[in-house]
Amino acid sequence: MQIYLPIAEVVVNAFTLVGLGGVVGLMSGLFGVGGGFLITPLLFFIGIPPPIAVATGANQVVASSFSGVLAHVKRKSVDFRMGWVLLAGGLVGSSAGVLAFNMLSRLGQVDLVVQLCYVVFLGLIGAMMLQESLGALRRAKKSGPIKPMRRNQHGWVHRWPMKVKFRASGLYISAIPVLMVGAAVGVLGAIMGVGGGFIMVPAMIYLLGMPTKVVIGTSLFQITFLSAYTTLMHAVSSNTVDVMLAVLLILGGVIGAQIGTTLGAKLRAEQLRILLALLVLAVCGRLALDLFLRPEDLYSLTPGIIG
Amino acid sequence: MIGRALILLFALASPLGAQENLAQESGAQETGAARSGEQIVADMSRDDVDITTSFDGSDIIIYGAIKREMPIPETDPLDVIVTVEGPPRPVTVRHKERRFGIWVNTGKVGVAAAPNFYVVATSRPLGRILDSAEDSRYRISVPLAMRAFSGASEVEDVVPYTAALVRLREAQDLYRLDDGAVRLAEQTLFRADIRLPANLMEGLYATRIFLLRDGKVLDTFRAPIEVRKVGLERWLYRLALDQPFLYGLMSLALAVFAGWAASAAFRRFQSR
């Protein structure tokens, strides 16, 4: 079924969009990532103009992560206090990120910076997670029962002032590193045009020492608000949200997210982390190929006049 | 030959009378000054295209006759060129080069006005019926459709960039040269079937008809086609532009509602 999108002004197959939304929603429910880093390149691929893909992707992320949050709230695996603190940092960071993005586009080469950011961060995070979770899985197999992950109980984050009790995470740490993580992810997310879940999740696990099960719900909670903010900014400043496109993606996305959450509850934390690591590495590899392989056509078209 | 002419006549029969009224009323359709006593009389199967949600392209028939108050000249044969041109939009053409082992955008050329759609249909191969001076005067052939480079160019040679623009648009079927697509009968009746693609943008599309003999343009005829969104498409488009904040909130509300509905539906499904 072909459908004409009013803002994007292109014709696409409605079932393709529902399917794409479903796949990304599944990832979202399973791993607690918003899926922005997947949906945006996929939309480029089927011919949606890039600015519309970025803005509408954010709108879709709101739906799938909200659906995921509700499922996690029911299972009591959301640390609301942690979520609010991260969000506060995230809003500051993402505003700073938008400024940085505008500065980079004035200098030109913003595409290259974004692409390099993707490859470097996805590569680093993917490799670190894969190594750690494979190790954890091996240890778990040797010693039978699953040992809780080693948390930096007395690491640098625990010596700072402004200590807050995060009951759901079982942590009593300073709010400063939490705010810093939120802000750093916000900056990167705004530059790369994504919610930043794939950076947030490992940061919460490895930097803040939160347990994996709580991390996913909390990350989704934070992403819901952050992408709602981004969607609104895009709609107001550049009119690039295509609601028809969003509805189709959302339809697939919310169903995918529910299936993902159910599936996630059945998998072990180490297995989840290995799967997410592999996914992140796959996207990284695909983007790296674009940088290193000779493009099919050396020339490309971008609507509008650039800088 | 006669059979084909009859079909064309049939296509012509009804709207010819209406055409004269339309030209008088709106003044939108104009006929250029004929230099040789041969003039175009033409009409289209439709002068507006509505984009609905299920829009998947549209066919337009442009047809007409040559009006003359003299016998058919026995010089070169007559030819007809029909062009349909979409609204101009700015576009940037960028070029990638290998730097430090990776492919990077290095040069760029901004074209201030390139139509998003341009098709040229001719009665015989374009190169044989149109001389280049007339081509540049009337901007007929595909590479001449774009104009006005924006600002001072930062590259030495813009030709590869404009050639790439044409090549990329041709690959998407947005720019097209259809040699022989205009059917011409008895040097008098002509007809062109133009396919407008599904990926159409809103705006005024310009139709031009050129009458040629011996490489020279004898007469021109212009008429607009209005392409616009209707119904839900129109409503959403206007809302996004006129009330962006409201539109953003609506998009978010939809997203939140869909997220809640799926969650509630699954809970019910699982608790059974």
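Residues numbered from 1 in each chain as written. Chains lettered and ligands numbered in written order. Predicted model: local features only at pLDDT ≥ 70, side-chain atom pairs only at ≥ 80, totals over all residues.

> Any chance you could explain the overall build of chain A here in plain terms?
When its secondary structure is counted, chain A shows 10 helices and five strands. Counted over contacts in chain A with a minimum sequence separation of 6, partners at least 24 positions apart contribute 80%. (Helix = DSSP H or I, 4+ residues; strand = E, 2+ residues; numbered from the N terminus. Contact = placed C-beta atoms within 7 Å.)

> Mind showing me how you'd approach the interface of chain A and chain B here?
For an interface, size is often stated in terms of accessible area lost upon the parts coming together. Contacts between chain A and chain B engage 49 residues on the former and 51 residues on the latter. The leading source of residues in the side of chain A that touches chain B is helix 9 (residues 243-266) of chain A, at 10 residues.

> Would you mind going over the sheet that holds strand 12 (residues 189-196) of chain B with me for this structure?
Note: strands within a sheet are paired through backbone hydrogen bonds, in either parallel or antiparallel orientation. Residue and element names in this part refer to chain B. Ordered in space as 2-4-12-11, the four strands form an open sheet in which the pairing is antiparallel. Strands at the two margins of the open sheet, each flanked by one partner only, are strand 2 (38-44) and strand 11 (182-185). The mean angle between the axes of side-by-side strands here comes to 20°, regardless of whether they run parallel or antiparallel. As defined by bridge partners, strand 4 (residues 58-68) adjoins strand 12 across eight bridges and the pair is classed as antiparallel. If you follow Ile-60 over to strand 12, its bridge partner there is Ile-194. (Pairing = 2+ DSSP bridges. Axes fitted to C-alpha atoms, helices over the stretch in contact; angles between N-to-C directions.)

> Just checking my understanding: could you explain the nonpolar core for this structure?
Looking at soluble globular proteins, one finds that nonpolar side chains tend to be buried together. Judged by nonpolar contacts, the single largest core of 151 residues is most densely connected at A:Leu245, A:Ile250 and B:Val80. Looking at this core, you find at least three residues from each of domain 1 (2-229) and domain 2 (235-271) of chain B. (Core = buried A, V, L, I, M, F, W, Y, C linked by C-beta atoms within 7 Å. Buried ≥ 20, exposed ≤ 12 C-beta atoms within 10 Å, placed from the backbone. Domains from an automatic or database assignment.)

> What is the right way to read helix 2 (residues 36-45) of chain A from this model?
The α-helix winds at 3.6 residues per turn, so residues separated by three or four positions along the chain end up facing the same way. All names here are of chain A. Of the positions making up helix 2, those classed as buried are Gly-36, Phe-37, Leu-38, Ile-39, Thr-40 and Leu-43. Among the structural elements, helix 1 (14-31), helix 3 (50-74), helix 7 (197-207) and helix 10 (269-292) are those in contact with the buried residues of helix 2. Gly-47 occupies a position one or two residues after helix 2 and carries a positive phi of about 95°.

> Any chance you could explain helix 6 (residues 231-242) of chain B here in plain terms?
Residue and element names in this part refer to chain B. The terminal C-alpha atoms of helix 6, which comprises 12 residues, lie 16 Å apart, in line with the 16 Å expected from a rise of 1.5 Å per residue. Looking at helix 6, one finds that the buried residues are Glu-233, Leu-236, Tyr-237 and Ala-240. Looking straight down helix 6, one finds that the buried residues subtend no more than 100° of arc, so they occupy a single side. Along helix 6, the residues that are exposed and aim more than 90 degrees away from the buried face are Gly-231, Trp-235 and Asp-242. (Expected span 1.5 Å × (residues − 1). Arc of directions from axis to C-beta.)

> When you look at the packing of helix 7 of chain A against helix 8 (residues 212-238) of chain A in this model, what are you seeing that I'm missing?
To describe two helices that pack against each other, one gives the angle between their axes and the distance between the axes. All names here are of chain A. At a closest axis distance of 10 Å, the pairing of helix 7 and helix 8 adopts a crossing angle of 140°. Judged on the interaxial angle alone, helix 8 and helix 7 are oblique. Considering only the axes of helix 7 and helix 8, their crossing is right-handed. Of the residues in helix 8, those touching helix 7 at Gly-197, Met-200, Val-201, Met-204 and Ile-205 are Thr-212, Val-215, Thr-218, Ser-219, Gln-222 and Ile-223. Its residues assigned to classes, the contact of helix 7 with helix 8 comprises six nonpolar, five polar and no charged. (Parallel < 35°, antiparallel > 145°, perpendicular 65-115°, else oblique. Left-handed = near helix turned anticlockwise from the far one by under 90°. Nonpolar A, V, L, I, M, F, W, Y, C, P; charged D, E, K, R; others polar.)

> Any chance you could explain the packing of helix 6 (residues 175-192) of chain A against helix 7 of chain A here in plain terms?
All names here are of chain A. Viewed as axis vectors pointing N to C, helix 6 and helix 7 meet at an angle of 155°, and their least axial separation amounts to 10 Å. As far as their axial angle goes, helix 7 and helix 6 are roughly antiparallel. Considering the relative orientation of helix 6 and helix 7, their crossing is right-handed. Where helix 6 abuts helix 7, its residues Pro-177, Val-181, Val-185 and Leu-188 lie against Ile-199, Met-200, Ala-203 and Leu-207. Split by residue class, the contact of helix 6 with helix 7 holds eight nonpolar, no polar and no charged.

> It is not clear to me how the pairing of strand 4 of chain B should be interpreted in this structure. Could you clarify?
Within a regular strand, side chains alternate between the sheet's two faces. As paired strands, strand 2 of chain B and strand 4 of chain B are joined by seven bridges and run antiparallel to one another. For B:Ile40, the partnering residue across the bridge sits in strand 4 of chain B and is B:Ile66.

> Where do I start with the environment of A:Ala228 in this structure?
Relative to the elements of secondary structure, A:Ala228 occurs in helix 8. For A:Ala228, a count of 22 C-beta atoms within 10 Å corresponds to the buried category. Each C-alpha atom of the pair A:Ala228 and A:Leu134 lies 35 Å from the other, and the pair is 94 residues apart in sequence. When sequence neighbours within four positions are dropped, the list of residues in contact with A:Ala228 reads A:Val62 and B:Leu252.

> Would you mind going over unusual backbone geometry with me for this structure?
Residues and elements named next belong to chain B. Even without a glycine there, the phi angle at Glu-186 is positive, about 55°. Position of Glu-186 relative to the elements: it lies in the loop between strand 11 and strand 12. Taking the number of C-beta atoms within 10 Å as the measure of exposure, Glu-186 has 14 and is therefore partly exposed. Although it is not a glycine, Gln-187 sits at a positive phi angle of roughly 50°. Here Gln-187 lies in the loop between strand 11 and strand 12.

> Looking at this model, I keep getting lost on the pairing of strand 6 (residues 88-99) of chain B. Mind explaining?
One ladder, built from five bridges, connects strand 5 (residues 299-303) of chain A with strand 6 of chain B; its direction is antiparallel. Bridge pairing in strand 6 of chain B places A:Thr302 opposite B:Thr92. Relative to strand 7 (residues 102-115) of chain B, strand 6 of chain B is paired through 11 bridges, and the arrangement is antiparallel. Its bridge partner being in strand 7 of chain B, B:Val93 is matched across the sheet by B:Val109.

> Would you take a moment to explain the confidence of the model for chain B for this structure?
Interpretation of the predicted coordinates at a detailed level should be avoided for regions scoring low in pLDDT. Taken residue by residue, chain B gives an average pLDDT of 79. The fraction at 70 or more is 83%. In the model output, the complex is listed with pTM 0.73 alongside ipTM 0.77. (pLDDT = per-residue confidence, 0-100.)

> It is not clear to me how the environment of B:Gly215 should be interpreted in this structure. Could you clarify?
All names here are of chain B. Locating Gly-215 in the fold gives a position in the loop between strand 13 (203-213) and strand 14 (216-229). Given 15 C-beta atoms within 10 Å, Gly-215 falls into the partly exposed group. Gly-215 sits 151 residues away from Gly-64 along the chain, and the two C-alpha atoms are 21 Å apart. Beyond its immediate chain neighbours, meaning those up to four positions away, Gly-215 contacts Ile-129, Leu-130, Asp-131 and Glu-134.

> Help me out: how do you make sense of the environment of A:Gly57 in this one?
Residue and element names in this part refer to chain A. Position of Gly-57 among the secondary structure elements: in helix 3. With 32 C-beta atoms counted inside 10 Å, the residue Gly-57 sits in the buried group. Along the primary structure Gly-57 and Val-181 are separated by 124 residues, whereas in three dimensions their C-alpha atoms are 23 Å apart. With residues up to four places along the chain from it excluded, the contact list for Gly-57 reads Gly-36, Ile-39, Thr-40 and Leu-43.

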